[in-house]
Amino acid sequence: NWTTTNVVEEQVALIREQVGDKRAICGLSGGVDSAVAAALVQKAIGSQLTCVYVDHGLMRKGETEQVEKDFVAATGAKLKVVDAEKRFLDALAGVSDPEQKRKIIGREFIRVFEQAQLEILQEEGPEVAFLVQGTLYPDVVESGGGTGTANIKSHHNVGGLPDDIEFQLVEPLRQLFKDEVRMVGQELGLPEEIVQRQPFPGPGLGIRIVGEVTKDRLDLLREADAIAREELTAAGLDRDIWQCPVVLLADVRSVGVQGDGRTYGHPIVLRPVSSEDAMTADWSRLPYETLARISTRITNEVADVNRVVLDVTSKPPGTIEWE
Ligand code: XMP
């Protein structure tokens, strides 16, 4: 019979058997799946696991700290954090096109992650043979079911490593659906903010700034997003909405009036949606009072934002994200 305790015990035994006395690496994204996969493997093989978190500087307020502090406190996992903010911002400088941004972020991410893998190999030796991935059952079905290996190439010229390293994959969530993954995460003692986290795109806030991505704009968007999330949580709406992207229209300015004078600031877009699987979505009919609180707080508390607008487009024709 299916209980989270059984799942955990069964997976821990399987992981121990698969990994043996070798070592494993797990990339953490800040999301539920990688965190639960890592926590399971950590429970199974302890210090034979090294987790890697690439801080691309595009996360929301508090999310990096959640991984660095709360995840580590809950699991005791060994974590290597790579601060790559400057590298990502440099690569994104001058770029406004959404597809271009996605390509750059994806490319830099792989480079930084591979570099971290090579460093761990150098530190820990050739016993590092496994790569943990948070593949879920729907992903398995979608991709035809095979399990596999991952290649990395040492084209960054970190001395003394073989040209090609092949990792075996450890995928402890392959039989689970998302809600089951959350239950397993809870059983493993992961913080609520990680276990109940709503979907957040890999390219992060980089695709929620319409226009060029800069540090100042990211900081501004982080403040606005934090306010929206805080108010949605306070209103008890987290379970009603699928997610609520908060978008900065950095290339748009409009005239406003605040305090003593005229302002010329940017609009923030709220994009709350309800959905089953993100393939289609409807805009969430949020209570006016909540929308009013979010709007008042953002325009009062975030400099350079003088307007908050609500996206009332379903998907299709709109996508959930703006880029
Ligand atoms: P769209 O905008 O296509 O988004 O309606 C559908 C869902 O996917 C998320 N999303 C992403 N997730 N990497 C991700 O891991 C991405 O590049 C990406 N783009 C969109 C989005 O947040 C929504 O849940």
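Remember, predicted model here, so these are calculated numbers, not experimental data. (Residues numbered from 1 in each chain as written. Predicted model: local features only at pLDDT ≥ 70, side-chain atom pairs only at ≥ 80, totals over all residues.)

### Notes on the overall build of the protein chain
Short version of the rule: Numbering goes from the N terminus for both helices and strands, where a helix is a DSSP run of H or I of at least four residues and a strand is a run of E of at least two. Labels follow a simple rule on C-beta atoms placed from the backbone: if 20 or more others lie within 10 Å of a residue's own, it is buried; if 12 or fewer, it is exposed; otherwise it is partly exposed. Each residue gets a C-beta atom placed from its backbone, and two residues are in contact if those atoms lie within 7 Å.
Counting its secondary structure elements, the protein chain contains 10 helices and 13 strands. Going through the 323 residues of the protein chain one by one, you find that 34% of them count as buried. Contacts in the protein chain between residues far apart in sequence, at least 24 positions, make up 76% of those at least 6 positions apart.

### Concerning the nonpolar core
Note the following rule: Nonpolar cores are identified as sets of buried Ala, Val, Leu, Ile, Met, Phe, Trp, Tyr and Cys residues joined via C-beta atoms within 7 Å. Marked domain ranges trace back to an automatic or database domain assignment.
Of all hydrophobic cores here, the largest spans 71 residues; its most connected members are Ala-24, Cys-26, Val-36, Ala-38, Val-41, Val-132 and Ala-224. The element that contributes the greatest number of residues to this core is helix H2 (residues 32–45), accounting for 10 residues. Structurally, this core is a two-domain feature, drawing no fewer than three residues from each of domain 1 (4–195) and domain 2 (208–310). Ignoring sequence-local partners within four residues, the contact set of Ala-38 consists of Cys-26, Leu-28, Cys-51, Ala-77 and Val-132.

### Concerning helix H5 (residues 98–124)
Keep this limit in mind: A helix is expected to span 1.5 Å multiplied by its residue count minus one.
The end-to-end C-alpha distance of H5, which contains 27 residues, comes to 39 Å, matching closely the 39 Å that a straight helix rising 1.5 Å per residue would cover. Every buried residue of H5 is listed here: Lys-101, Ile-105, Val-112, Ala-116, Gln-117, Leu-118 and Leu-121. Downstream of H5 by a residue or two, Gly-125 has a phi angle that is positive, lying close to 90°.

### Description of the site of the ligand
In plain terms, the rule: We call a residue near a molecule or strand when the C-beta position, derived from backbone atoms, sits within 6 Å of it. Throughout, the ten residues Ala, Val, Leu, Ile, Met, Phe, Trp, Tyr, Cys and Pro are labelled nonpolar, Asp, Glu, Lys and Arg are labelled charged, and all others, Gly among them, are labelled polar.
Near the ligand the following residues occur: Pro-199, Pro-201, Gly-202, Pro-203, Gln-243, Ala-278, Lys-315, Thr-319, Ile-320 and Glu-321. Of the residues assigned to the shell around the ligand, the class counts are five nonpolar, three polar and two charged.

### Focus: the environment of Asp-216
With respect to the helices and strands, the residue Asp-216 is situated in helix H9 (residues 215–234). Sequence separation between Asp-216 and Gly-261 is 45 residues; the distance between their C-alpha atoms is 23 Å.

### Concerning the domain arrangement of the protein chain
What the domain assignment lists for the protein chain is domain 1 (4–195) and domain 2 (208–310). Each of domain 1 and domain 2 was reduced to a C-alpha centroid, and the two centroids are 30 Å apart. The interface is formed by 10 residues belonging to domain 1 together with eight residues belonging to domain 2. Partitioning the side of domain 1 that touches domain 2 into residue classes produces four nonpolar, three polar and three charged.

### Things to note about the pairing of strand E8 (residues 246–249)
Rule in force here: Any two strands between which DSSP finds at least two bridges are classified as paired.
Examined bridge by bridge, strand E7 (residues 209–210) and E8 share two bridges and lie parallel to one another. The partner of Ile-209 across the bridge, within E8, is Leu-248. Two elements, E8 and strand E10 (residues 261–270), share three bridges in a ladder whose sense is antiparallel. Across the sheet, the residue bridging to Val-246 is Leu-270, located in E10.

### Thoughts on the UniProt feature "binding site: ATP" (unreviewed entry) in the protein chain
Here is the rule we go by: UniProt positions are given in the numbering used here, feature names are shortened, and annotations may be inferred rather than shown by experiment.
The UniProt entry lists Ser-29, Gly-30, Gly-31, Val-32, Asp-33, Ser-34 and Ala-35 under the feature "binding site: ATP" (unreviewed entry), expressed in the numbering used here. Not counting the four nearest positions on each side in its chain, Ser-34 is found in contact with Cys-26, Gly-27, Leu-28, Ser-29 and Gly-134. Within the secondary structure, Ala-35 sits in helix H2. Leaving out residues up to four positions away in the same chain, Ala-35 has contacts with Leu-28, Phe-71, Gly-185, Leu-190 and Ile-194.

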